[in-house]
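Chain by chain, the residues:
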Amino acid sequence: LTGRVDVPLVMQWNAFDPIIPARFHPIYPDLLRAAGSGKWLTVLPPVGQGHCEFTDQQLETAFMTLLHKAGPANADSQRTLEQTVKPGSESVPR
């Protein structure tokens, strides 16, 4: 992992994750910031419990945050997202 990204990245954790303890949450964001990629990063507050146990509403909020970050000011990033997300898909992949 280099921490170098050139597209928007949204991260969120479960607050009470038995697999990834909270002490690990800042490691990757710190790596991005140290590599100069912090402008691409949005960290949403931890929610819920379990491992990758997000509600549909939480997934939608994270995805809408990502789309907002990849808006017109970041046209290249938006094109990358459009190539990744298939139109007409009924849900966000988990």
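Everything below is about the structure printed above this text.
Attention in this report is confined to the structure presented alongside it. (Residues numbered from 1 in each chain as written. Predicted model: local features only at pLDDT ≥ 70, side-chain atom pairs only at ≥ 80, totals over all residues. Heavy atoms only, no water.)

Here we look at the pattern of salt bridges
One pass over the structure, following the stated rule, counts 1 salt bridge. Across the salt bridge formed by R33 and D30, the nearest N and O atoms sit 3.4 Å from each other. In this pair, R33 and D30 are both assigned in helix α1 (residues 27-34), 3 residues apart and thus about one turn of the helix distant. On the accessibility criterion, D30 (43% relative accessible area) is partly exposed. (Salt bridge = Lys/Arg side-chain N within 4 Å of Asp/Glu carboxyl O. Helix = DSSP H or I, 4+ residues; strand = E, 2+ residues; numbered from the N terminus. Buried < 20%, exposed > 50% of the residue type's maximum accessible area, 1.4 Å probe, protein only.)

Side note on unusual backbone geometry
Backbone geometry places C52, a non-glycine residue, at a positive phi of 60 degrees. Secondary-structure assignment places C52 in the loop between β4 (47-49) and α2 (56-69). You can call C52 exposed: its relative accessible area is 53%.

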